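# Coordinate inspection notes
Each chain, letter by letter, is given below.
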Amino acid sequence: MAESHERECAVCTNDLTTPKILPCGHVLCRECVITWMDSKPDAWCPLCRCPIVEQSDGSSSDTVDALPTDFVMEALVESARVLSKDHLCCVCEDVRADFICMQCQVMLCSSCTKVHSKLPATRSHDVESVSTVTPERLAASRPALCADHGDKHAEYFCREHRLAFCSACKTNKHKVCLEVNYLEDEIKSAQNSLTNLTKNLVEAEQKLEQAIGQVTSRLQEVDVSEQEDMAQVDKSCGRLQKLVEDVCKELKDKCRKPHLKIRKSLCDIKTGLCNRLVKVTSHKHIVTRVTALSQRPALIHMTQAVRDRVNSLDLSADLHQVVWVKPLSHGECCQEVVRRIENVVRMWKQEQIVSESW
């Protein structure tokens, strides 16, 4: 059963008018398709973005007219329109209609229904309650009428002109047509073709759904594989990072040791020099004080005493050769480690390029 939204055009959102079947299977109004194609150079279905036509050299109207018309949907829209009207008897004025003739497609009140069932021309018609009739049932009950004489039932079908017509038209207009068959036979043939088409489409649908399911499963496997690979990359990079950190620590330790050794020697030398400076400065003050304040006999005695003391002091300020020794640099060693790692990474990238090219 077609839902109400299936009878609406996706472009104008109104009931479908002259519904055209696009190559993708979606149905739109004829005028909507023409307008849509005129507004876009490469027109595609507004619902699934599939191309409306692969290539068109003519006008958009000619292209759209070449698309098949959904006559069934057209009948469904018309039937739904009939059922959506006010339920008023088509004969009586302002009288509620509770019934509808499935062949005449008109609504009737109770009184008119009784008359309708007694008339010779309509006594065989199916009259049902309006509340139980669906657009699908109403459309299916429509009588086949002659293409030229709308009030006569069609009995024949011309394959050449694709028309259903009455016996009079067969004699007058289609007597030279080579492929004229009984309408009932054509309907049965069409039903058989539709049955086969339905079977083929169901099988294709099942196979496609199965294939889609397999691809979906494969996509899930790819996702899981990607996550596992990413986790392995993180783990490997973590190990590389740990190795780099260990190498960095080891190189820093190697750089730190000679600097510590020289720093200790320099600190010891500086301490000795500072102690020597304190002694020299103290004795300098003594000499200065003696020179300024002592009397002559005392000056002589203090001079001898101070001289002996100063002579015992180490007054040299020479620095040992170790002060000027530069610490052993490990910068070149670091650069060598980096170069080796870069070479390994470069070789790995080249191997990856070769493997991907295969």
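Keep in mind that what you see is a predicted model, and the values were worked out from it rather than measured.

The rules behind these values
Along each chain, the written sequence defines residue order, and numbers are assigned to residues from 1. Local features in this predicted model are restricted to residues of pLDDT 70 or higher, and side-chain atom pairs are both shown and tallied only at a pLDDT of 80 or more, whereas totals for entire chains, interfaces and linings draw on every residue. Where side-chain values are given, they derive from all heavy atoms of the structure, hydrogens and water being excluded. In plain words, nonpolar cores are sets of buried Ala, Val, Leu, Ile, Met, Phe, Trp, Tyr and Cys residues tied together by side-chain atoms within 4.5 Å. Three exposure classes are used, based on accessible area relative to the maximum for each residue type with a 1.4 Å probe and protein chains only: buried under 20%, partly exposed in between, and exposed over 50%. Counting from the N terminus, the helices are the DSSP runs of H or I reaching at least four residues and the strands are the DSSP runs of E reaching at least two. By the convention used here, residues are in contact when the closest approach between their heavy atoms is within 4.5 Å. The residues that make up patches have over 30% relative accessible area and no salt bridge, and they are joined within 9 Å when like-charged or within 5 Å when they are Val, Leu, Ile, Met, Phe, Trp or Tyr. With residues, only the protein chains shown are counted as cover, and all accessible areas are computed by Shrake-Rupley using a 1.4 Å probe. The salt bridge criterion pairs a side-chain nitrogen of Lys or Arg with a carboxyl oxygen of Asp or Glu, the two atoms within 4 Å. When charges are tallied, Lys and Arg are placed among the positive residues and Asp and Glu among the negative ones, while His and the ends of the chain are skipped. A single reference atom marks each charge: NZ on Lys, CZ on Arg, CG on Asp, CD on Glu. Being paired, for any two strands, means DSSP has found at least two bridges between them. Note on definitions: angles span 0 to 180 degrees between N-to-C directions of axes, and those axes are lines fitted to C-alpha atoms, for helices only across the stretch in contact. Throughout the structure description, domain borders are defined by an automatic or database domain assignment. UniProt positions are given in the numbering used here, feature names are shortened, and annotations may be inferred rather than shown by experiment. Our arc is simply the arc of the directions from the helix axis toward the C-beta atoms.

Grouped together as the largest cluster of nonpolar side chains are 21 residues, with contacts concentrated most on C9, L16, L22, V33, M37 and I52. For this core, the secondary-structure elements that each account for two or more residues are β2 (27-29), α1 (30-39) and α3 (71-84). For this core, the leading source of residues is α1, giving five residues. For I52, the residues in contact, after removing those within four places along its chain, are L22, P23, V33, W36, M37, A43, W44, C45 and L67. Among the nonpolar cores identified, the runner-up in size contains 13 residues, and M107, L108, C109 and V133 belong to it.

Even without being a glycine, T13 presents a positive backbone phi close to 60°. Looking at where T13 falls in the secondary structure, it is placed in the segment before β1 (19-21). With relative accessibility at 52%, the residue T13 sits in the exposed group. A positive phi angle, close to 65°, is found at R49, a residue other than glycine.

Here we take up a negative patch on the surface. There is a patch of like negative charges on the surface, built from D223, E226, E228 and D229. With respect to the helices, strands and loops of the structure, D223 is situated in helix α7 (residues 183-293).

With that out of the way, let us pick up the sheet that holds strand β4 (residues 106-108). Spatially, three strands are ordered β4-β3-β5 in an open sheet, and the strand pairing comes out antiparallel. Only two strands of the sheet have a single neighbouring strand rather than two, namely β4 and β5 (127-129). For this sheet, the mean angle separating the axes of adjacent strands, direction not counted, is 35°. The sheet contact formed by strand β3 (residues 99-101) and β5 spans three bridges and is antiparallel. Within the sheet, the bridge partner assigned to C101 lies in β5 and is V127.

Here the focus is the domain arrangement of the protein chain. Frequently, the measure chosen for interface size is the accessible area removed from exposure when the parts meet. Annotation of the protein chain at the domain level lists domain 1 (1-69) and domain 2 (85-142). Look at where the C-alpha atoms of domain 1 and domain 2 centre, and you get two points 35 Å apart.

So, on to a nonpolar patch on the surface. Taken together, the side chains of L194, L197 and L201 define a hydrophobic patch exposed on the protein surface, amounting to about 320 Å² of accessible area. Topologically, L201 is positioned in helix α7.

The next subject is the side chain of S79. With respect to the secondary-structure elements, S79 resides in helix α3. The exposure class assigned to S79 is buried, which follows from its relative accessible area of 0%. Those residues within four positions of S79 in sequence are excluded, and the remaining contacts are Q105, P135, L138, A139 and R142.

Bringing the UniProt feature "domain: B box-type" (unreviewed entry) in the protein chain into the picture now. When the UniProt feature table is mapped to this numbering, "domain: B box-type" (unreviewed entry) covers residues 84-130 and 141-185. Measuring from the first to the last C-alpha atom of residues 84-130 gives 10 Å, for a span that is 21% helix and 19% strand. This span, residues 141-185, is 20% helix and 20% strand, and a straight line between its end C-alpha atoms measures 18 Å.

This part is about helix α4 (residues 110-118). Among all positions in α4, only C112, T113 and H116 are buried. Burial along α4 is one-sided: seen end-on, the buried residues are contained in an arc of 105°. Projecting away from the buried face of α4 at angles above 90 degrees are the exposed residues S111, K114 and K118. Where α4 is buried, its residues contact β3, β4 and β5.

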